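Below, each chain spelled out in residue letters.
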Amino acid sequence: MQNDKIKIDIVSDVACPWCYVGKKRLEKAIKEWDGAEIEIEWHPFQLDPNIPKEGLDRDTYLTNKFGSVEGPLEMTKRLQESGKEEGINFNFGKEWLAVNTLPLHQLLHVAGEEGFKDTLKERFMKAYFDENLHLNDVVVLKSIMAEFKWSSEKTEKVLNDDAIAYSVKQEIAHYQQRGVNSVPFFIINDKYGISGAQPPTVFLEAFQQVAPLKIIATGDSCDPSTGIC
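Note that the structure is a prediction, hence the values are computed from the model and not measured. (Residues numbered from 1 in each chain as written. Predicted model: local features only at pLDDT ≥ 70, side-chain atom pairs only at ≥ 80, totals over all residues. Heavy atoms only, no water.)

**Structural notes on the pairing of strand 1 (residues 5-12)**
On a regular strand, each side chain points to the face opposite its neighbour's, so the side chains alternate between the two faces of the sheet. Counting buried positions over the eight residues of strand 1 gives six, a clear majority of the element. Examined bridge by bridge, strand 1 and strand 2 (residues 37-44) share eight bridges and lie parallel to one another. Bridging across to strand 2, V11 finds its partner in H43. Where strand 1 and strand 5 (residues 185-188) come together, four bridges link them in antiparallel fashion. Paired with I10 across the bridge in strand 5 is F186. (Buried < 20%, exposed > 50% of the residue type's maximum accessible area, 1.4 Å probe, protein only. Helix = DSSP H or I, 4+ residues; strand = E, 2+ residues; numbered from the N terminus. Pairing = 2+ DSSP bridges.)

Here it is as structure tokens:
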């Protein structure tokens, strides 16, 4: 017998391209699902909390992570193909900037309290991976948050709120302690752990089996220990 509601906790980072793909694939599965109501809650993760406030340009970031630029850019071709299948235009042009995502998670934290975290998550990912907007620029963040009727003052207040930053870090630590070490990671009804950007069929199978059994499925993900996405 299925539960009245299926709860999906998603641990992810804005800077994780496979999290973007996984989000789209999950949405496909939910559209196909004809069963219990599904409730989603997003949780923060930082692939690289050591990125400086000013960010790192594409070539510096890739060189620091992989020792070169050419190899990693070649690796992104498969990612870009997967993105196209899900309607994502991954753009790793020279304007792309790697940023520290803690401030973004602070904004998402409050957006969650106000009921639009999922929409804002999508907006940030599109800005980061498609539009090449520099998400460490307060002016850019104010412009994005204005789309959600936030004033510049409110955006600044959230970004400068140490208590919110602390809450985000505590939540990240909580899921790391639970064993989440790569993202995206999907936890269904606190029973099923699905790691990586799985095809919709994997999610649908899990929805159908919300029971005491545990299923671990592993797919494409971003691993901070290796820096590989």
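After that view, the rundown keeps rolling.
**Some details on unusual backbone geometry**
With omega at 5°, the peptide bond leading from V183 into P184 counts as cis. Among the structural elements, P184 can be located in the loop between helix 8 (162-177) and strand 5. Backbone geometry at N189 places phi at a positive 50°, although glycine is not the residue there. Here N189 shows up in the loop between strand 5 and strand 6 (192-195). Unusually for a residue other than glycine, D190 sits at a positive phi of about 60°. Inspection of the secondary structure puts D190 in the loop between strand 5 and strand 6. Residue D190 is classed as exposed on the basis of its relative accessible area, which comes to 51%.

**A few points about the packing of helix 4 (residues 102-114) against helix 5 (residues 117-129)**
Closest axis-to-axis distance for the helix 4/helix 5 pair is 8 Å, and the angle between their directions is 155°. Between helix 4 and helix 5, the angle falls in the class roughly antiparallel. Along its contact with helix 4, which presents L104, H105, L107, L108, H109, A111 and G112, the element helix 5 presents K117, L120, K121 and F124. Looking at the contact of helix 4 with helix 5 residue by residue, the classes come out as six nonpolar, three polar and two charged. (Axes fitted to C-alpha atoms, helices over the stretch in contact; angles between N-to-C directions. Parallel < 35°, antiparallel > 145°, perpendicular 65-115°, else oblique. Contact = heavy atoms within 4.5 Å. Nonpolar A, V, L, I, M, F, W, Y, C, P; charged D, E, K, R; others polar.)

**Some points on helix 7 (residues 152-159)**
For helix 7, the set of buried residues is T155, V158 and L159. Mapping the buried residues of helix 7 onto a view down its axis gives an arc of 100°, with all of them on the same face. Helix 7 presents E153 and K157 as exposed residues on the side facing more than 90 degrees away from its buried surface. Residues of helix 7 that are buried make contact with helix 4, helix 6 (138-146) and helix 8. (Arc of directions from axis to C-beta.)

**So, the nonpolar core**
L107, L120, F124, Y128, L135 and I144 are the most contacted members of the largest nonpolar core, which totals 52 residues. When residues of this core are assigned to their parent elements, the largest contribution, six residues, is made by helix 5. If near-sequence neighbours (up to four positions away) are discounted, L107 is found in contact with L120, F124, L141, M145, W150, T155, V158 and L159. Within the second largest apolar cluster, 19 residues are counted, among which are I8, I194, V202 and V210. (Core = buried A, V, L, I, M, F, W, Y, C linked by side-chain atoms within 4.5 Å.)

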